[in-house]
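Examination of the molecular architecture
What follows is the residue order along each chain.
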Amino acid sequence: MPFYRAVGELPRKRHVVFRRPDGGIYAEELMGEEGFSSDSSLLYHRFPPTAIVKSEPADDPSADAETTPNLPLAPRHFRTTELKSGGDLVGGRRLLAGNNDVRLSFAAADRPSELYRNSVGDETVYVQSGSARFESTYGVIRAGEGDYVNVPTGTIHRWVPEGAVAALVIEAAGHIRPPQRYLSRYGQFLEHAPYCERDLRGPTEPLVMDGPEAESATPVLVRTRGGLTRMTFAHHPFDVVGWDGCLYPYAFNIGDFEPIVKKTHAPPPVHQTFEGPNFVVCSFCPRPLDFHEEAVPIPYNHHNVDSDEFMYYVAGDYAARKGSGIGIGSVSLHPAGFTHGPQPGAVEAALGAQRTSETAVMIDTFRPLDIGPAGRECEDPGYAWTWAR
């Protein structure tokens with residue numbers, strides 16, 4: 001994260017004695033990226049975060065989620081609304097597409113998840129509908145429709161839905177951050193950035209378990225590059241009385257993204273919101289359309305020769321795709337090697353339009369995306385031919 005935050009009780013200096021009310025010493029934990037050379041936070045625990053009493057293999061629901069290459073090469077349309085709902089926001093993830101850099105899954109959850117730690121990379125969960133409490137060692141974030149929730153690698157957390165929640169889950173093989181071009185050399189958001197520090201919501205107070213639950217052995221599901229383990233801690237890990245630093249989970253609502261508008265159509269980089277290892281995340285939001293007197297206010301046909309485009313349609317009316325079968329909850333996958341653009345007749349219909357109501361989340365990957373089992377399950381087999389109708 002590009003700015004400092006402090007929550008709860010803290011000693012005046014780092015790495016000094018910080019005593020509990022009973023005279024004991026709080027256990028200090030450094031959560032840091034890139035070998036002590038990047039962002040970090042210091043967390044102060046009531047109990048040692050190192051105390052485990054059991055470690056055993058765990059069934060991995062993603063182990064059977066094998067991907068297959070997008071062959072024969074074709075544009076794809078996945079209807080996520082046709083996927084089975086239920087489960088939680090960790091174990092209930094259904095893999096749509098992925099590669100060695102990122103996994104893109106859909107989840108329709110209605111129950112709390114286990115405590116979970118992803119030690120492979122950062123996660124960004126986009127809440128398409130519903131609301132949930134995101135609980136972690138850093139505290140609570142209330143997440144609702146349109147929220148991106150960014151979860152740093154190694155964060156112990158759980159999701160507690162408040163009713164039914166539909167979400168897109170982005171699991172990276174590294175770190176997900178605001179684009180570097182939005183930040184000063186010291187990490188402050190610059191004036192040209194389409195959002196800033198005021199738009200980011202982090203935990204505001206500690207989440208500390210009390211009573212028997214705090215003292216009880218507590219299992220945590222841990223994902224590493226080797227697979228899934230259920231590690232039992234001697235005490236509940238939600239025992240942090242305070243923390244500070246620049247590494248923590250936070251939420252950003254897509255409605256707070258400030259679209260950049262030009263006289264004529266602007267390409268997708270103006271919508272970029274985050275960047276990850278070999279991929280970017282973009283937010284397409286309601287906005288005024290191009291204002292040149294002869295502008296064509298929808299995308300031109302384009303062939304991004306270096307990336308695959310994964311687009312999740314979450315709200316509004318996507319006029320450029322009318323007649324394609326795309327609707328709310330749809331995902332389109334337009335791979336490198338295929339030229340894509342508006343449906344036939346969309347250019348003529350858009351002339352003179354002044355605003356768009358579309359909302360979509362796009363992930364562009366710089367290595368090909370393979371198709372996951374959930375993608376194959378909910379694919380619209382006729383989508384590839386809709387431009388020729």
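From a predicted model like this one, the values you see are computed outputs, not experimental measurements. (Residues numbered from 1 in each chain as written. Predicted model: local features only at pLDDT ≥ 70, side-chain atom pairs only at ≥ 80, totals over all residues. Heavy atoms only, no water.)

Notes on the environment of Thr 50
Which entries qualify depends on this criterion: Per the convention used, a helix needs a DSSP run of H or I reaching at least four residues, while a strand needs a run of E reaching at least two, with both numbered from the N terminus.
Positionally, Thr 50 belongs in the loop between β3 (40-45) and β4 (52-57). Taking C-alpha positions, Thr 50 is 56 Å from Gln 343, a pair spaced 293 residues apart along the chain.

Description of the side chain of Ser 136
Stated precisely, the cut-off is as follows: Burial classes: relative accessible area under 20% of the type maximum marks a residue as buried, over 50% as exposed, and values in between as partly exposed (1.4 Å probe, protein chains only). Whether two residues touch is decided by their heavy atoms; if any such pair falls within 4.5 Å, the residues are in contact.
Relative to the helices and strands, Ser 136 resides in strand β10 (residues 132-136). Judged by relative accessible area, which is 0%, Ser 136 ranks as buried. Ignoring sequence-local partners within four residues, the contact set of Ser 136 consists of Thr 155, Ile 156, His 157, Leu 207, Phe 238 and Pro 249.

Focus: the state of the cysteines
This is how the line gets drawn: Put simply, a disulfide is two cysteine sulfurs that come within 2.5 Å.
The full count for this structure, using the stated rule, is 0 disulfides. Note on Cys 246: no disulfide assigned, nearest cysteine sulfur contributed by Cys 196 at a separation of 16 Å. The exposure class of Cys 246 is partly exposed, given its relative accessible area of 22%. Note on Cys 285: no disulfide assigned, nearest cysteine sulfur contributed by Cys 282 at a separation of 11 Å.

Some thoughts on the sheet that holds strand β23 (residues 308-315)
We apply this condition: In short, DSSP must find at least two bridges between two strands for them to pair. A fitted line through C-alpha atoms serves as each axis, taken over the contacting stretch for helices, and the angle formed by two N-to-C directions is quoted from 0 to 180°.
If you trace the 6 strands from one edge of the open sheet to the other, you get β5-β24-β23-β26-β21-β20, paired in antiparallel fashion. Two strands in the sheet have a free side with no partner beyond their single neighbour: β5 (76-79) and β20 (272-276). On average, each strand axis in the sheet is tilted by 15 degrees relative to the strand beside it, whichever way the strands run. Strand direction decides the pairing type here: strand β21 (residues 279-284) and strand β26 (residues 359-365), joined by 6 bridges, are antiparallel. Bridge pairing links Phe 284 to Ala 360 in β26.

Regarding the environment of Met 311
By secondary structure assignment, the location of Met 311 is in strand β23. Note on Met 311: relative accessible area 4%, which makes it buried. When the C-alpha atoms of Met 311 and Ser 330 are compared, they prove to be 8.1 Å apart, with 19 residues separating the residues in sequence. The contact partners of Met 311, leaving out residues within four places of it in the chain, are Phe 284, Tyr 318, Ser 330, Val 331, Ser 332, Ala 360, Val 361 and Met 362.

Comments concerning the sheet that holds strand β1 (residues 5-8)
Taken in spatial order, the 4 strands line up as β1-β18-β3-β2 in an open sheet, and their pairing is antiparallel. Each of the sheet's edge strands pairs with one partner strand only, and the pair in question is β1 and β2 (27-32). Taken pair by pair, the neighbouring strands of this sheet meet at an average axis angle of 15 degrees, ignoring direction. Looking at chain direction, β3 and strand β18 (residues 240-245) are connected through 5 bridges and run antiparallel. Directly across from Leu 42, in β18, lies its bridge partner Asp 244.

Examining empty space enclosed by the protein
Here is the rule: Here a cavity is any set of points on a 1 Å grid over the protein atoms alone where a 1.4 Å probe fits but cannot get out, and a pocket is any open set with protein on both sides within 12 Å along at least 5 of 7 lines; a residue lines the site when it has an atom within 4 Å of a point. Grid points are joined across faces, edges and corners, and a volume is the space filled by probe spheres set on the points. Classes in brief: Ala, Val, Leu, Ile, Met, Phe, Trp, Tyr, Cys and Pro nonpolar; Asp, Glu, Lys and Arg charged; the others, Gly included, polar.
Scanning the model with the defined rule gives 1 cavity of 30 Å³ or more in all. Within this model, the largest cavity holds a volume of roughly 90 Å³. Among the residues forming the lining of the largest cavity, the class breakdown is 7 nonpolar, 3 polar and 3 charged.

Details of the nonpolar core
Buried together is how nonpolar side chains tend to be arranged in soluble globular proteins. Put simply, the rule is: Nonpolar core, defined: a set of buried Ala, Val, Leu, Ile, Met, Phe, Trp, Tyr and Cys residues in which side-chain atoms within 4.5 Å join the residues together.
One finds Leu 96, Phe 310, Val 361 and Ile 363 to be the most contacted residues of the largest nonpolar core, which totals 49 residues. Leaving out residues up to four positions away in the same chain, Phe 310 has contacts with Leu 96, Ala 97, Leu 104, Leu 168, Val 331, Ser 332, Leu 333, Val 361, Met 362, Ile 363, Asp 364 and Leu 369. Counting residues in hydrophobic clusters, the runner-up holds 21 residues, among them Ala 58, Ala 109, Ala 143 and Leu 221.

Observations concerning the packing of aromatic side chains
Keep this limit in mind: Here a pair means two rings of Phe, Tyr or Trp (six-membered ring of Trp) with centres within 6.5 Å. Their orientation is stacked below 30 degrees between planes, edge-to-face above 60, and tilted elsewhere.
Applying the stated criterion across every chain yields a total of 18 aromatic pairs. Taken together, a centroid distance of 5.0 Å and an interplanar angle of 65 degrees make the contact between Phe 134 and Trp 159 edge-to-face. Note that Phe 134 is positioned in strand β10 and Trp 159 in strand β13 (residues 157-161), a separation of 25 residues in sequence. Judged by its relative accessible area of 0%, Phe 134 falls in the buried class. Ring pairing ties together the aromatic residues Tyr 126, Tyr 148, Tyr 182, Phe 189, Tyr 195, Phe 252, Phe 257 and Phe 274, which thus form one cluster.

Overview of the pattern of salt bridges
The condition that has to hold: What makes a salt bridge here is a side-chain nitrogen of Lys or Arg within 4 Å of a carboxyl oxygen of Asp or Glu, nothing more.
Inspection of every chain in the model, using the stated rule, returns 19 salt bridges. Between Arg 177 and Glu 34 there is a salt bridge, with its nearest N and O atoms 3.3 Å apart. Here Glu 34 lies in the loop between β2 and β3 and Arg 177 lies in the loop between β14 (165-172) and β15 (200-201), a separation of 143 residues in the sequence. A relative accessible area of 26% means that Arg 177 is categorised as partly exposed. Classification of Glu 34 as partly exposed rests on a relative accessible area of 48%. A single salt-bridge network, built from bridges that share partners, covers Arg 93, Arg 103, Glu 123 and Glu 171.

Focus: unusual backbone geometry
Negative phi characterises most residues that are not glycine, and trans characterises most peptide bonds. Omega for the bond connecting Leu 71 with Pro 72 falls within 30 degrees of zero, at -5 degrees, which places this linkage in the cis form. Along the chain, Pro 72 turns up in the loop between β4 and β5. Here the phi dihedral of Asn 278 falls at roughly 65 degrees; this positive angle occurs in a residue that is not glycine. Checked against the element boundaries, Asn 278 lands in the loop between β20 and β21.

Some details on the layout of surface pockets
If you add up the space inside the largest pocket, you get close to 790 Å³. If you go around the largest pocket, you meet 40 residues; those closest to its centre are Asp 60, Ser 62, Arg 103, Glu 171 and Arg 223. A class-by-class count of the residues in the lining of the largest pocket yields 14 nonpolar, 12 polar and 14 charged. Lining of the second largest pocket is provided by 34 residues; of these, Ile 298, Pro 299, Tyr 318, Ala 320 and Glu 358 occupy positions nearest its centre. When contributions to the lining of the second largest pocket are tallied by element, the ones reaching two or more residues are β23, α2 (346-350) and β25 (355-356). Of the residues in the lining of the second largest pocket, the class split is 19 nonpolar, 8 polar and 7 charged.

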